[in-house]
Structures are given as structure tokens and as C-alpha cells.
Amino acid sequence: AGRAKRLLLSQLFQPLNLQGEAGGDGRAAEPTCRSQKLMLQAGLIYPSSPGCYSYMPPTVRAMEKLIKVMDQEMQAVGGQKLNMPSLGSAELWRASGRWDQMGPELFRLVDRHGKGYCLGPTHEEVVTALVAAQSNLSYKQLPLRLYQVTRKFRDEPKPRFGLLRSREFYMKDMYTFDTSEEAARQTYDLVCNAYHSLFDRLGLSFVKVRAATGSIGGTVSHEFQLPADVGEDRLMLCPDGHFAANVETLNGEQMSCPTCGEKLTQTRGIEVGHTFYLGTKYSSVFNAVFYSPENKPQLAEMGCYGLGVTRILAASIEVLSTEDSIRWPSLITPYQLCFIPPKKGSKEEEGATLLERVYDDLAEALPHLASDSVLDDRTQLTIGKRLKDAHKLGYPYVVVAGKRVCEDPPVFEVWNQNAGEVLFLTKEGVIELLSKVQVP
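Small disclaimer: the values here were computed from a predicted structure and weren't measured.

### Considering the pattern of salt bridges
Oppositely charged side chains are able to pair whenever their charged atoms sit close together.
Here is step 1: According to the stated counting rule, one finds 27 salt bridges in the structure shown.
Here is step 2: For lysine 65, the salt bridge is made with aspartate 372, and the minimal N-O distance between the two is 2.7 Å. Of this pair, lysine 65 sits in helix α2 (residues 57–76) while aspartate 372 sits in the loop between α9 (351–365) and β18 (373–375); the two residues are 307 residues apart in sequence, bridging distant segments of the chain. In this pair, the class of lysine 65 matches that of aspartate 372, namely buried.
Here is step 3: For glutamate 348, the salt bridge is made with lysine 347, and the minimal N-O distance between the two is 3.8 Å.
Here is step 4: Each member of the salt-bridge network shares a partner with another, and the members are Glu105, Arg154, Glu156, Arg160, Arg165 and Glu232.

What follows is the structure, given as C-alpha cells:
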């Protein structure tokens, strides 16, 4: 009675177009990259207007898992989650000087009373004004580490590569307030280490590079980059790992490592995270002060830290996938498991009930995987055809009721996609194998 309802592939809102050309986004002139092509074919995203996409249910699942992992890492360093409005008042942005500085990248609008607003690409102004409004903040309440995960907006002149460069995207942004420069730099190292841990858990190899501070400002800045051919950033790396920088921070002649003198190698990367030590750039504008032990008002020392949520999703598909098959970081794959019953009318057809029993028993034995399983009920198709689709969609595990399902006890064919191996297991063996699977 209390069984989890089985999720049937035929009812999943994921318009598959695995045969062919990227569906729906057929503007031939637009350059595509691997992740964009795969995400369109797999029905993971659907274009709505240039640089804006609908994220389909499997993508939202992956995104929610990724945000959970981010929450764990941010809360481990004392982060408190809040949520600030996307609509930011022009007055705040004028006060910091960025209303003019950001130029046409800022989506601007005017309300019915003639007041100006922008859709926030980032929230330094809003958060600093928020903290400044707490008029009797004591040094005992610092460090303050506030973060959110919200939609951000940037009026990209040429949105491209799907979720890698879009106009509307999700970002995790953290803003920190410390009592001194020294404390702020400790916070900086702490958050950089949390980013380190995040990418390690996702199994993504990244480089942390020196970066320009750009429109956000401050004096120290690093980018977290995933090396990829399609990346828009050019990076210079020391082969022995002593030095890494974005080309934009170097003067033309620097070609060798300042530590060991080795020739720097060039590679391309996709920026997935960015950290800034801001000092008092914003706190001085908005008068964000705390009271010292001597009860004197002092400006808070700030840092800000961004992670692109939707960009990490696309970038991880970009770097892990093959030309025609999606591979996700296993921790955040939308569904861990796909079950493939026999073809209708085949001599193994009785195996369908046995496979459904494995589905149900698994959901009971490993409740954390109950919502992570999909049953490919398109039984008019051969097992081979559905297995090929499952491979393209990148389920880490595929459980098939094949030829040996009629043995006693029944034996299932289990594909471990990431390891590239096939195992033949009884129902108990399947449950045992999957008990090791982690979900955030």
C-alpha cells in the first residue's frame, strides 16, 4: 500500500530528441558546444528567448542537488542563507557608482512612479545597505557570512553556448563582513577551501587562477576554472603548479613562472566560481559599521564569493561527457537509476513483473533512492534501443531484465555507466551495489 509511485519515463516531462539535430534551438547561425547540444537533445533545457531557457524537471532535480551540496559547504564555514530581491533600486547602484559603470549589461526598468530599478546581476549594494541598516552591530556578531542562491540577470550582447553564457542564470553569492583585514583574509581562505571541497566532491578537476577584479572591485581576486576547449577565458599555468593566472591579469611579457622559471603553458577554461576580497569599497559607501570593543564605530571589511549554479551544471556536462552521451558528476545526476523491462511480446516478458519488484524493493530498502529511479516503460521498443537512450541520458546505473531474468533466482544485467562495466546480479546483489550510491 505505502509504496512509492513508480516514475515512468513516458510520463516524464523531458521532450527527448536523441536522434538528431538540437531540437527547438535550430537557429543555424548560433555556435553550439557539446553541453548545449546534449542538453537540448536530452530535453533538459528548452529555449524561450535568446539567452533564456526553461529548465526541465530532470535539470531542476540536478540543480537542487547541486544547491544542497553548496548549502553543506557554505554552512560548514558559518554561512547563513537569506534571499534578497532581484529588483534593485537605482539609488543604491548610483551610490556605489556602478549604475553608470555597468553600462548596457544592466537590465534597467522604471516603475509606474518613475523610479529606476535594475535586475540584479549581483548583490553587493543590496547586502551592504542591509547590514548598514543594523545600526548597533557589535564586533561580537562578526564575522557575518550571508549567502543566497537566486536568479541573476545580465544583458549579454551575444548569449551563447546554452547555460554557459545566458542572460538569466542561477548563482550562489556569499558576502562576508569581518572586523579587520586580517580576519577578512582568513575568511577568504576559508571560502576558497570550501569551493575546493565542493569541486572535489563533484569530481571536477579545476584550477584556481589569479584574476582581475573588474566591475566588482577590491584588491584580491581568484577564479575557479574548469579547463575546457570551449572556455572563453585564456589561462597561463606553471606546469609544476606554482602559478596560475587569467591572461587578462598579466602584462604581455610574462611567459615564465615567477617561482621556478618554467615556461607557462596556455589553456582555456570555463569560469565557474569567483572570489573577491573587497576591503571597505562598499562598506564605506553605505556606512556598514560595527562597534569595536572600545565601542567605536568601524567599517566592516568585506569579501564576496560567487558560484555559477546553472553554469556548473552545463560546464560539468561539457567536460565529462562524450560527443553523444551525457555524463554528470555522480552526486548531482538527476536520476541515479534507470530500469529497462523486456520488450512487449518477447519471451522474457514475464521478467517485467520481476523488474518492477526490484524497483519497489529497492525503494523500500534504500528510501533515499526512491525518487532517484526511472522505469523506461516504452516496451514497444527493444531493450537495445532503450539501453542506447539510457546511455545517452547518462544514468549512472541501468538495470535490465534481459535473457537471464528467467533463471532461478532471476539475474539482472546492471550497467555501471561511469565505470564502463556490466554486472550480472540477483535482486539482492542489485540492492547491495546501489547501497553505496551517494545522494546529497
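### Some remarks on helix α10 (residues 383–393)
Here is step 1: Every buried residue belonging to α10 is among Arg386, Leu387, Asp389, Ala390, Lys392 and Leu393, and all of these are buried.
Here is step 2: Turning to α10, the residues buried within the fold contact β17 (337–340), β19 (397–400) and β20 (412–416).
Here is step 3: Where α10 terminates, the next one or two residues include glycine 394, which has phi positive at roughly 80°.

### Focus on the packing of α2 against helix α6 (residues 181–202)
Here is step 1: α6 packs onto α2 with a crossing angle of 145° between their chain directions and a minimal axis gap of 9 Å. Judged by the twist between their axes, the crossing of α2 over α6 is right-handed. Residues Leu66, Val69, Met70, Gln72, Glu73 and Met74 of α2 pack against Ala194, Tyr195, Ser197, Leu198, Arg201 and Leu202 of α6.

### Remarks on the environment of tyrosine 305
Here is step 1: If you trace the backbone, tyrosine 305 turns up in strand β16 (residues 301–308).
Here is step 2: Take tyrosine 305: its relative accessible area is 2%, and that puts it in the buried class.
Here is step 3: Residues tyrosine 305 and glycine 162, spaced 143 residues apart in sequence, show a C-alpha to C-alpha distance of 23 Å.
Here is step 4: Those residues in contact with tyrosine 305 that sit more than four places away from it in its chain are Lys172, Asp173, Met174, Thr176, Ala184, Thr187, Tyr188, Val191, Tyr195, His274, Thr275 and Phe276.

### Considering the domain arrangement of the protein chain
Here is step 1: Each assigned domain of the protein chain is listed here: domain 1 (9–13 + 335–435) and domain 2 (34–320).
Here is step 2: If you average the C-alpha positions of domain 1 and of domain 2, the two centres end up 40 Å apart.
Here is step 3: Of the residues lining the interface, six residues belong to domain 1; the matching set on domain 2 comes to six residues.
Here is step 4: Taking both sides of the interface into account, the surface hidden between domain 1 and domain 2 amounts to around 560 Å²; carbon and sulfur atoms contribute 57%.
Here is step 5: The partner of aspartate 372 in a salt bridge is arginine 61, with the nearest N and O atoms 3.1 Å apart.
Here is step 6: Across the contact surface, domain 1 and domain 2 share three residue pairs in polar contact (both at pLDDT 80 or more).
Here is step 7: Residues that form the side of domain 1 that touches domain 2 fall into these classes: four nonpolar, one polar and one charged.

Rules behind the numbers
Residues numbered from 1 in each chain as written. Predicted model: local features only at pLDDT ≥ 70, side-chain atom pairs only at ≥ 80, totals over all residues. Heavy atoms only, no water. Salt bridge = Lys/Arg side-chain N within 4 Å of Asp/Glu carboxyl O. Helix = DSSP H or I, 4+ residues; strand = E, 2+ residues; numbered from the N terminus. Buried < 20%, exposed > 50% of the residue type's maximum accessible area, 1.4 Å probe, protein only. Contact = heavy atoms within 4.5 Å. Axes fitted to C-alpha atoms, helices over the stretch in contact; angles between N-to-C directions. Left-handed = near helix turned anticlockwise from the far one by under 90°. Domains from an automatic or database assignment. Buried area = accessible area lost by both parts, 1.4 Å probe. Polar contact = N/O pair within 3.5 Å; in protein donor to acceptor, adjacent residues only side chain to side chain. Nonpolar A, V, L, I, M, F, W, Y, C, P; charged D, E, K, R; others polar.

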